[in-house]
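Spelled out from the first residue to the last, the chains are:
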Amino acid sequence: MENYDIAVIGSGPGGYVAAIRAAQLGYKTAIIEKYDTLGGTCTNVGCIPTKALLDSTHHFSEAQHKFNEHGIKLNQIELDFQQMYKRKAEVVSKNTAGLDFLMNKNKITRLKGTAGFVNNSTLKISNENETIDLTAKHYIIATGSKPSTIPGVEIDKQRIITSTEALSLKELPKSMVIIGGGVIGVEMASIFNRIGTQVTILEYADNLISTMDNELGKNLHKILKKEGIDIRLNLGVYKAENLGSSAKVLFKDKDGTENELEAEYVLVAVGRKAFTKGLGLENTGVEVDERGFIKVYENNQTAVSNIYAIGDVIGGAMLAHKAEEEGVLVAETINGQKHHIHYDRIPGVVYTWPEVASVGYSEEYLKKNNIPYNVGKFPFSASARARASMDMDGFAKVLVDPKYGEVLGVHVIGARAADLIAQGVIAQEYEITAEDMFRISYAHPTYSETLKDAYLIASGQGAINI
Ligand code: FAD
Ligand code: NAD
């Protein structure tokens, strides 16, 4: 029997961060992962490989469409799909190797196998060679999520695939229908459309990335459409069929009209569900909700006081940085520290080009809840930096309390929005007013100046640059 202070189940961003923080605080810590490599969904088949391919395909697209105007003449631009995927795989291995290094550096015991609870205080870890019994004073469940699907659409991983299979295709697909215009849908659509796949997005809602401030999805729609992606909204997919060398999707428009589309691949991107298979929760007092997510109470404690749960497996925003924050919170809670996460100040980013990033309340939320607000919106087309780089699509929009100037929401679609949003998080977390935000100096020329002007507009001062 192996004994630890803290055993972390799952090595995604929730699990590995929890383990590192626990070890830093002096706990004898083990991390258990069923796969060969650490890093979970994010590192192996999520954030990292998608961003590697988004970057590669963005370069390809820039070379095709913008280099000429920059005065760079290339005789022939050719796509080496296998090399693109090989580089993606190398980026992933470098990151998983980085995690191996961090586990060793922090003296965290790494155990390979599927961990299942025998009861509230004992774990059995099984791999192809052995079974290990383990006890720990505290357990942190960080087993993450898997793609979900809709009735009538069975993911067969051959023709009807998810983002995971799309990240290991052997050849460039000629055509792809993506079910779902959420975050995975638009990122995958961007990757494949840029390198020549004919992409169609089928979305149930009346907007892309519909959980974000609506203007972002509307603007992104225009941009992606202009780039050649066929986007169809307000419809419900009810069936998909593998036809051997292609697949067919059947869907109904809002008025009930039946439609179908055929493509080399159908990519299902309709959300993800909690992964608890093999975890033996039935042998514990840990509760799950009606959708299968583990129920947690204060400080991410489950119904069993020595078992905590974090990340995708508990639901909420399925984001790597949300899982990481929860990992730190639990390790510090066990250590007797007080820590708090403001869930409405966790930024969301979509890595299309331009990028989309958001933190705080959307305009729709403020309207629905009768919360007064002022809007400050500044277009990237009026930014000197954006003109220099030819990245003039998008805008920065801030929503500000009219009386006290508190920043209620920051929503950006534009070049490097993913990095710009950090200042929105700071403004909201520390309740900095819009006036404070425009009175500080912004380096010129930078994309961040779009936010300075947006804060000026929202405060009734008038922008300098428009
Ligand atoms: P996971 O990363 O899912 O890790 C769980 C781990 O637990 C897995 O390795 C699994 O093998 C292991 N495990 C499960 N059960 C057991 C068991 N019984 N025993 C042992 N091990 C077990 N988020 C972002 O913030 N930014 C992005 O850019 C982004 N891009 C994404 C792109 C894609 C295509 C996808 C699918 C997701 C993306 N996400 C992104 C979401 C992000 O990947 C997840 O929110 C994040 O990985 C959740 O972390 P986690 O630690 O909760 O779980
Ligand atoms: P999502 O919830 O973002 O989007 C799913 C979309 O599918 C929704 O827009 C929904 O309306 C649509 N849909 C549902 N049923 C449908 C039907 N029958 N027909 C047509 N459309 C339908 O989920 P996702 O894109 O699968 O992503 C899963 C999770 O992964 C998300 O929670 C996301 O946060 C995370 N993720 C994050 C990033 C990032 O941070 N950049 C990238 C990828 C994934």
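Residues numbered from 1 in each chain as written. Chains lettered and ligands numbered in written order. Predicted model: local features only at pLDDT ≥ 70, side-chain atom pairs only at ≥ 80, totals over all residues. Heavy atoms only, no water.

Engineer: Explanation requested: the site of ligand 2 in the structure shown.
Structural biologist: Around ligand 2, 20 residues are found, and the nearest of them are Ile184, Glu187, Glu203, Gly271 and Val349. Here an oxygen atom of ligand 2 and a backbone polar atom of Val183 are 3.3 Å apart. Taking Met318, its main chain carries an N or O atom lying 3.2 Å from an oxygen atom of ligand 2. Here the shell around ligand 2 gets three residues from one element, more than from any other, and that element is helix 7 (residues 183-194). Considering only residue class, the shell around ligand 2 consists of 13 nonpolar, three polar and four charged. A domain-level breakdown of the shell around ligand 2 finds at least three residues from each of domain 1 (2-147 + 273-341) and domain 2 (160-270). (Near = heavy atom within 4 Å. Polar contact = N/O pair within 3.5 Å; in protein donor to acceptor, adjacent residues only side chain to side chain. Helix = DSSP H or I, 4+ residues; strand = E, 2+ residues; numbered from the N terminus. Nonpolar A, V, L, I, M, F, W, Y, C, P; charged D, E, K, R; others polar. Domains from an automatic or database assignment.)

Engineer: Even after reading the chapter, I still don't get the nonpolar core, so can you show me in this structure?
Structural biologist: Soluble, globular proteins show a tendency: their nonpolar side chains are buried together. Phe192 and Ile209 are the most contacted members of the largest nonpolar core, which has 37 residues in total. Of all elements in the fold, only helix 3 (47-65), helix 5 (81-105), strand 9 (175-179), helix 7, strand 10 (198-202), helix 8 (214-226) and strand 15 (265-268) reach the threshold of two or more residues within this core. For this core, the leading source of residues is helix 7, giving five residues. Contact partners of Phe192, with chain neighbours within four places excluded, come to Tyr85, Ala166, Leu169, Pro173, Met176, Thr197 and Val199. If you look at the next biggest cluster of nonpolar residues, it comprises 32 residues, including Val410, Ile421, Ala454 and Ala463. (Core = buried A, V, L, I, M, F, W, Y, C linked by side-chain atoms within 4.5 Å. Buried < 20%, exposed > 50% of the residue type's maximum accessible area, 1.4 Å probe, protein only. Contact = heavy atoms within 4.5 Å.)

Engineer: Is there a simple way to think about the site of ligand 1 in this case?
Structural biologist: Neighbouring ligand 1 are 39 residues, the closest being Glu33, Thr41, Lys51, Asp312 and Ala320. Between ligand 1 and the protein, one listed contact pairs an oxygen atom with a backbone N or O atom of Pro13 at 3.4 Å. In this structure, Lys51 approaches ligand 1 through a side-chain N or O atom, which is 2.7 Å from an oxygen atom. Across the complex, the protein chains shield 95% of the 1000 Å² of accessible surface that ligand 1 would expose by itself. Taken together, the elements giving at least two residues each to the shell around ligand 1 come down to helix 1 (13-24), strand 2 (29-33), helix 2 (40-45), helix 3, strand 4 (114-117) and helix 9 (320-334). Of all the elements, helix 2 adds the most residues to the shell around ligand 1, at four residues. Across the shell around ligand 1, the residue classes tally to 17 nonpolar, 17 polar and five charged. (Areas by Shrake-Rupley, 256 points an atom, 1.4 Å probe, with all protein chains shown as cover.)

Engineer: What exactly am I supposed to notice about the packing of helix 3 against helix 7 here?
Structural biologist: Each packed pair of helices is defined by two parameters, the angle between the axes and the distance between the axes. Their axes nearest at 9 Å, the elements helix 3 and helix 7 cross at an angle of 40°. With respect to helix 7, the element helix 3 is oriented oblique. Crossing geometry of helix 3 relative to helix 7 is assigned as left-handed. For the pair formed by helix 3 and helix 7, the contact residues are Thr50, Lys51, Leu53, Leu54, Thr57, His58, Phe60, Ser61 and Gln64 on the first element and Glu187, Met188, Ser190, Ile191 and Arg194 on the second. (Axes fitted to C-alpha atoms, helices over the stretch in contact; angles between N-to-C directions. Parallel < 35°, antiparallel > 145°, perpendicular 65-115°, else oblique. Left-handed = near helix turned anticlockwise from the far one by under 90°.)

Engineer: What am I meant to see in the environment of Lys295 here?
Structural biologist: Along the chain, the position of Lys295 falls in the loop between strand 16 (272-274) and strand 17 (307-309). Its relative accessible area of 36% is what places Lys295 among the partly exposed residues. Lys295 sits 18 residues away from Val313 along the chain, and the two C-alpha atoms are 9.1 Å apart. Setting aside chain neighbours within four positions, we find Lys295 in contact with Glu287, Val288, Asp289, Gln301, Thr302 and Ala303.

Engineer: Explanation requested: the pattern of salt bridges in the structure shown.
Structural biologist: Note on pairing: side chains with opposite charge can pair once their charged atoms come close. Taken as a whole, this structure holds 21 salt bridges when the rule is applied. Notably, a salt bridge pairs Lys226 with Asp393, separated by 3.9 Å at the nearest N-O pair. Taken together, the residues span a long stretch of sequence, with Lys226 in helix 8 and Asp393 in the loop between helix 11 (384-389) and strand 21 (395-400) at a distance of 167 residues. For Lys226, a relative accessible area of 65% corresponds to the exposed category. The network of salt bridges with common partners includes Asp213, Glu215, Glu363, Lys377 and Lys397. (Salt bridge = Lys/Arg side-chain N within 4 Å of Asp/Glu carboxyl O.)

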